[in-house]
Amino acid sequence: MIRKGTRKKKVVLAYSGGLDTSVIIKWLGEHYNCDVVAFIADLGQGEDLKAIRRKALDTGAVKAVVKDCRKEFAEHYVLPALRAGAVYERKYLLATALGRPLIAEHLVRTAHKEGADAVAHGSTGKGNDQVRFDVSVRALDPALKIIVPIREWELKSRDEEIAYARKHRIPVPVTKDKPYSIDRNLWGTSIECGILEDPWESPPDDIFSAVTLPHLAPAKAQEIEIGFSKGVPVSLNGRRLDLVSLIRQLNRTGGKHGVGITDLVENRLVGIKSREIYEAPGATILHTAHREMESLVLDRETLHLKEILVTKYAELVYYGWWFSPLREALDAFVNSTQRTVTGQVRLQLFKGSCRPTGRKSPHSLYDRKLATYEEDDAFDHSAGEAFSKIWGLPLETHARVRNRRRR
Ligand code: ARG
């Protein structure tokens, strides 16, 4: 147990380089009399992490560790969610939500390695991320203490926090005209606060960084072809690519064509509705393509059950239950469905839309002879007549009884 004011302890902090976590380094030192080890995860946020590491040390961290987690993030967090088809409230592709358990796992590992007494993070008391961090850390090591300074400190407003930062010579990056909270990684960008807090206000053009506004995107459509092997996207336009490179390439191409902007009023786990803007070009393309592949190779009932279960999958990711037996069980189901999800999907990107235009697979269940309305039709029409008779029998019976009563 770590107590304020006792002998020097060690805390591993999930550090982003932003104002909150910078203030936290100082605040932890002051209030918990502890050494702070800053942990900086590279999830493909595209920032200068060397500079962020420097900033952590300059702000008072005794050690700052940068870890390139992009491959791990793509293969062990993004990929299972993609294969599952996990989308929260029909729109959110879960970029931020998927990053949290990974960061939590590394906080725990770093804490063990450094012999730390606690971990800390910079989430607020009313968001989803605090829950995701807390729950993930507890699921991995229930004995580890978790400190969440923003939930307990005396800094009551943004202005007080800025004053504290200035007093301790911490650079203050946010200005009044761009007061957004932005979380970015390989899988997407989440943007909230400022004028976006009014759900009726249109998002200002200048908040977008990854996606060109659709009306400004090229007037010429672009076709791309994505290859899948057992539900894993493995190639782009015939060229094999590792997952990180593939996502990055699709972020660029999709972004250029205005693909992947979402505006969502969502239900947070803590009961609040909030409005968030998402930019996720690569994720949008991959989800569209993967879904298209499945439509060709999965039988109807498996596809339909997967659609039901996937709501649960998205919820558990959103709710911070990544390290749960339920996710393992759902992953086992998803794995089994993905055995035949192999083939190619062609899509057309044009001014914000991402439209599948073709799909093929060695495991395709599409049988033209059954589907066709041409002469070589192989479907047994008499079976069709018998089938619809049996299928409608309960309704026919119901109607007969109802009509008898009416007479
Ligand atoms: N609403 C998203 C989620 O709960 C993103 C949260 C972080 N958003 C942000 N702009 N910092 O996963």
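Here the residue numbers are simple positions, counted from 1 along each chain's written sequence. For a predicted model such as this one, the threshold for reporting local features is a pLDDT of at least 70, and the threshold for listing and counting side-chain atom pairs is 80 or more; totals across whole chains, interfaces and linings nevertheless cover every residue. Side-chain measures here rest on the full set of heavy atoms in the structure, leaving out hydrogens and waters.

## Some points on the pattern of salt bridges
Working step 1: One speaks of a salt bridge when a side-chain nitrogen belonging to Lys or Arg is within 4 Å of a carboxyl oxygen belonging to Asp or Glu. The full count for this structure, using the stated rule, is 25 salt bridges.
Working step 2: The salt bridge involving aspartate 183 is made with arginine 100; its shortest N-O contact spans 3.4 Å. Linking aspartate 183 in strand β6 (residues 181–185) with arginine 100 in helix α4 (residues 95–114), this pair joins segments that are 83 residues apart in sequence.
Working step 3: Close ionic contact of arginine 158 with glutamate 161 constitutes a salt bridge, the shortest N to O distance being 3.9 Å. With arginine 158 and glutamate 161 both in helix α7 (residues 158–167) and three residues apart, this pair spans about one turn of that helix.
Working step 4: Buried means the residue's accessible area, taken with a 1.4 Å probe over protein chains only, is under 20% of the maximum for its type, while exposed means over 50%, and partly exposed covers the values in between. When its relative accessible area of 41% is taken as the criterion, arginine 158 is described as partly exposed.
Working step 5: Among the charged side chains, a salt-bridge network with shared partners connects Arg100, Asp129, Arg132 and Asp183. Going along the chain from the N terminus, every DSSP run of H or I of four or more residues is numbered as a helix, and every run of E of two or more is numbered as a strand.

## Thoughts on the packing of aromatic side chains
Working step 1: Only Phe, Tyr and Trp rings take part, Trp by its six-membered ring, and two of them pair if their centres are within 6.5 Å. Stacked means planes under 30 degrees apart, edge-to-face means over 60, and tilted covers everything else. For the structure on display, the rule yields eight aromatic pairs.
Working step 2: Pairing tyrosine 92 with tyrosine 278 gives two aromatic rings, centres 4.2 Å apart and planes at 15°, and the pair type is stacked. Placement of the pair is tyrosine 92 in the loop between α3 (70–84) and α4 and tyrosine 278 in strand β12 (residues 273–279), with a sequence separation of 186 residues. Exposure class is identical for tyrosine 92 and tyrosine 278. Each is buried.
Working step 3: When the ring of tyrosine 92 is compared with that of tyrosine 318, the centres are 6.1 Å apart and the planes differ by 85°; the resulting orientation is edge-to-face. Residue tyrosine 92 is found in the loop between α3 and α4, and its partner tyrosine 318 is found in helix α10 (residues 300–318); the two are separated by 226 residues along the sequence.
Working step 4: Looking at tyrosine 92, the relative accessible area reads 3%, which means it is buried.
Working step 5: A residue is classified by how much of its surface remains accessible, and tyrosine 318, at 0% relative accessible area, is buried.

## Some remarks on the site of the ligand
Working step 1: One heavy atom within 4 Å of a molecule or strand is enough for the residue carrying it to be called near that molecule or strand. Taken together, 15 residues lie near the ligand, and Tyr92, Asn128, Ser181, Glu266 and Glu276 sit nearest.
Working step 2: Between the ligand and glutamate 276, the relevant distance is 2.7 Å, taken from a nitrogen atom to a side-chain nitrogen or oxygen of the residue.
Working step 3: With respect to the ligand, the side chain of tyrosine 278 contributes an N or O atom lying 3.0 Å from a nitrogen atom.
Working step 4: For accessible areas, the Shrake-Rupley method is used with a probe of radius 1.4 Å. Any residue's cover is judged against the shown protein chains and nothing else. In isolation the ligand exposes 340 Å². Once the protein is present, 93% of that is buried.
Working step 5: When residues of the shell around the ligand are traced back to their parent elements, those giving at least two are α4, α5 (128–140), β6, β7 (188–192) and β12.
Working step 6: Of the residues contributing to the shell around the ligand, the split by class is five nonpolar, four polar and six charged. Polar contacts, as counted here, are pairs of nitrogen or oxygen atoms within 3.5 Å of one another; within protein the pair requires one atom able to donate a hydrogen and one able to accept it, and residues that are adjacent in sequence qualify only if both atoms are side-chain atoms. Basically, the charged four are Asp, Glu, Lys and Arg, the nonpolar ten are Ala, Val, Leu, Ile, Met, Phe, Trp, Tyr, Cys and Pro, and anything else, Gly included, counts as polar.

## With respect to the side chain of glutamine 338
Working step 1: You can see glutamine 338 is positioned in the loop between α11 (325–337) and β13 (343–350).
Working step 2: Within polar-contact distance, the side chain of glutamine 338 engages the side chain of glutamate 294 at 2.8 Å.
Working step 3: Apart from the residues lying within four places of it in its own chain, the contact partners of glutamine 338 are Arg83, Lys230, Gly231, His290, Glu294 and Lys306. Residues are treated as being in contact if the distance between any of their heavy atoms lies within 4.5 Å.

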